[in-house]
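Structural description and commentary
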Amino acid sequence: MATLSFWGGVGTVTGSKYLVEGGGSRVLVDCGLFQGLRELRERNWEDPPFDPKSLDAVVITHAHVDHTAYLPRLVRLGFGGPVFCSKGTADLLKLLLPDSARLQEEEAEYRNRKGLTRHQPALPLYTEEDARAAIKLIRTCPNTGEPTEVAGGVSASFHIAGHILGSSLVLLEVDGAGSDGAGRRVLFSGDLGHYDQPIIPDPVAPPACDYMLVESTYGDRLHDPEDPKVALARVVNEAVARGGPLLIPAFAVGRTQELLYHLRELEDEGRIPVLPVRVDSPMAAAATQIYSRHRDEHDEEYASVVEENRHPLRTRSMVTASTREESKRLNDEQGTRVLISASGMMTGGRVLHHARRILPDERATVLFVGFQAAGTTGRKIVDGSKFVRIMKGDVPVRCHVERIGGLSAHADWKEVLRWLEPLRETPPRRSFTTHGEPEAAAAMAGHIREHFGWRVEAPEYGQGVELE
Ligand SMILES: [Zn+2]
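Residues numbered from 1 in each chain as written. Predicted model: local features only at pLDDT ≥ 70, side-chain atom pairs only at ≥ 80, totals over all residues.

Let's talk about the overall build of the chain
Looking only at helices and strands, the chain has 14 helices and 22 strands in total. Its C-alpha atoms give the chain a radius of gyration of 22 Å, near enough to 23 Å, the size a compact globule of 468 residues would have. Counting only C-alpha atoms and orienting by the principal axes, one finds that the chain spans roughly 70 × 55 × 40 Å. Counting only contacts in the chain whose residues sit at least 6 apart along the sequence, the fraction spanning at least 24 positions is 74%. (Helix = DSSP H or I, 4+ residues; strand = E, 2+ residues; numbered from the N terminus. Rg over C-alpha atoms; globule rule 2.2 N^0.38 Å. Contact = placed C-beta atoms within 7 Å.)

Structure follows, in structure tokens:
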């Protein structure tokens, strides 16, 4: 007998955590941090619903913090088993987890200094030391579909998901899980890439499975049919015409590299002028290097640009600010320039410093290129708020607000159906739509039911399912 339970990434796009118990082992798939709404963030501080010490292994689909940044907390609470992921994910985690710890420590320090805490003193969720301990537990697996035994009676295979570098679909095989004594296969889509996304290949076809979890970030939405590159050229050229800065909040890992790829291409094709491009993120430079290094995960177009001795991720007038001083220097710049800074949903990071200056400027433009979760500052701006609260101050929003959906790193619902098509003849017994806000997860389940006639549902937080 085996069970699957949902401890995050349901009813929300954050906090992904799925527990599989079977084959004599307990394996957690993804270990994400909750973000956005306060009631979600508070879950990061509650005792986890399972004993971290009792887990035999953790398996990670991809490096984004909403799938990984609870790992150091798990380690702090006693988990000491192996963490399995692809090589690309491992490299990115070495960058992301210590950074996440620094943010936690800085926030605790800030709260103590400003007396903004009910707890005396405010403590970080975890420290850089916890993050380093978590990194030591990482074991890498090929992203090519060969199975690895991750715990007694449980094996995992990783397949390219085309979302960010190293991202994987994970197929878990649990020995003796079924009522007939046979094994059962559970497929986790992780975050599913958008087809024809630059740099990385498209998602591979889903392997046959008995149970499936499929993401539903865009379960109730389709990406703008406008070619994202055309849209980006339009937004840049309009920003040039206004003579103000263009601020693009973006994840340092994944989205920033895609933006640079598109901007470089638009410059090369003469569709936008050569502009100062400023990447203000201590992590973006390191992430860009990791992207350049993993040739095994580049698509053909990227490889052909490299062959022409061009750096695919460098525009002609680009500066990356790593240190605080370099970042501060950017404040003195005037005129049209492109500023790319994290975090992508404006939940923290250097983008907030830029936002304070740029949002009130009528000539400026803010461009959102990723999903903005409920409760985040990014979402409030997209939804038309005239003021947002940043670092305890009210900041008026007078700039132009733009959004390009097609640059998303997620498949929209039609693309998810396209991805599922190979399973039409051999459908999973039961499917679950995860990683979506409630309406999106329900809508995605509806689309799958209507299109394929499968048994599919949007699970709830804490729900357990028997893998019969
Ligand atoms: Zn992701």
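Now that the structure has been shown, the text picks up again.
Points about the sheet that holds strand β9 (residues 168-174)
Ordered in space as β7-β8-β9-β10-β11-β20-β21, the seven strands form an open sheet in which the pairing is mixed. Only two strands of the sheet have a single partner each, and these edge strands are β7 (148-151) and β21 (456-457). Looking at chain direction, strand β8 (residues 154-160) and β9 are connected through seven bridges and run antiparallel. Its bridge partner being in β9, A156 is matched across the sheet by L172. (Pairing = 2+ DSSP bridges.)

Digging into the nonpolar core
V27, V59, L71, L172, V186, I248 and A287 are the most contacted members of the largest nonpolar core, which totals 141 residues. Among the elements that make up this core, the one with the highest residue count is helix α4 (residues 87-114) (seven residues). Built from parts of two domains, this core gets at least three residues from each of domain 1 (3-221 + 409-466) and domain 2 (228-407). For A287, the residues in contact, after removing those within four places along its chain, are L92, L95, A252, V253, T256 and Q257. (Core = buried A, V, L, I, M, F, W, Y, C linked by C-beta atoms within 7 Å. Buried ≥ 20, exposed ≤ 12 C-beta atoms within 10 Å, placed from the backbone. Domains from an automatic or database assignment.)

So, unusual backbone geometry
A cis amide bond, omega 10°, links A342 with the succeeding residue S343. The backbone phi angle of M346 is positive, close to 55°, even though this residue is not glycine. Mapped onto the elements, M346 comes out in the loop between β15 (338-341) and α11 (351-358). Within the chain, M391 stands out as a residue other than glycine whose phi angle is a positive 50°. Tracing the backbone shows M391 in the loop between β17 (387-390) and β18 (393-396). You can call M391 exposed: it has 11 C-beta atoms within 10 Å.

Brief notes about the pairing of strand β3 (residues 25-29)
Where burial is concerned, most of β3 is hidden: four out of the five residues are buried. The pairing of strand β2 (residues 18-22) with β3 spans five bridges and is antiparallel. If you follow L19 over to β3, its bridge partner there is L28. Between the end of β2 and the start of β3, which pair antiparallel, lie two residues, with G23 showing a positive phi angle near 65°. Two elements, β3 and strand β4 (residues 57-59), share three bridges in a ladder whose sense is parallel. Residue pairing across strands places V27 opposite A57, the latter belonging to β4.

Let's talk about the domain arrangement of the chain
Domain boundaries in the chain define domain 1 (3-221 + 409-466) and domain 2 (228-407). One C-alpha centre belongs to domain 1, the other to domain 2, and the line joining them spans 27 Å. If you look at the interface, domain 1 gives 25 residues, while domain 2 gives 24 residues. Taken together, the residues of the side of domain 1 that touches domain 2 break down into 14 nonpolar, eight polar and three charged. (Nonpolar A, V, L, I, M, F, W, Y, C, P; charged D, E, K, R; others polar.)

Here's the deal with the sheet that holds strand β5 (residues 83-86)
The strand order across the open sheet built from seven strands is β6-β5-β4-β3-β2-β1-β22, with neighbouring strands paired in mixed fashion. Lying at the two open borders of the sheet, with one neighbouring strand each, are β6 (138-141) and β22 (464-466). Going from strand to strand, the sheet's axes swing by 25° on average, the running direction of each strand aside. Sheet strands in contact with α4 are β5 and β6, and its direction is about 110° off that of β5. (Axes fitted to C-alpha atoms, helices over the stretch in contact; angles between N-to-C directions.)

Considerations on helix α8 (residues 282-293)
By the burial criterion, the buried members of α8 are P282, M283, A284, A286, A287, T288, I290 and Y291. Looking at the buried side of α8, the elements it contacts are α4, α7 (255-268), β13 (277-280) and β14 (318-321).

Observations regarding the pairing of β2
Taken across its five residues, β2 has four buried, putting it largely inside the fold. Across four bridges, strand β1 (residues 3-6) lies against β2 in antiparallel orientation. By the bridge assignment for β2, L4 is matched with V20.

A closer look at the environment of W413
If you trace the backbone, W413 turns up in helix α13 (residues 413-420). Excluding its chain neighbours within four sequence positions, the residues that come into contact with W413 are Y218, G219, L222, M444 and H447.

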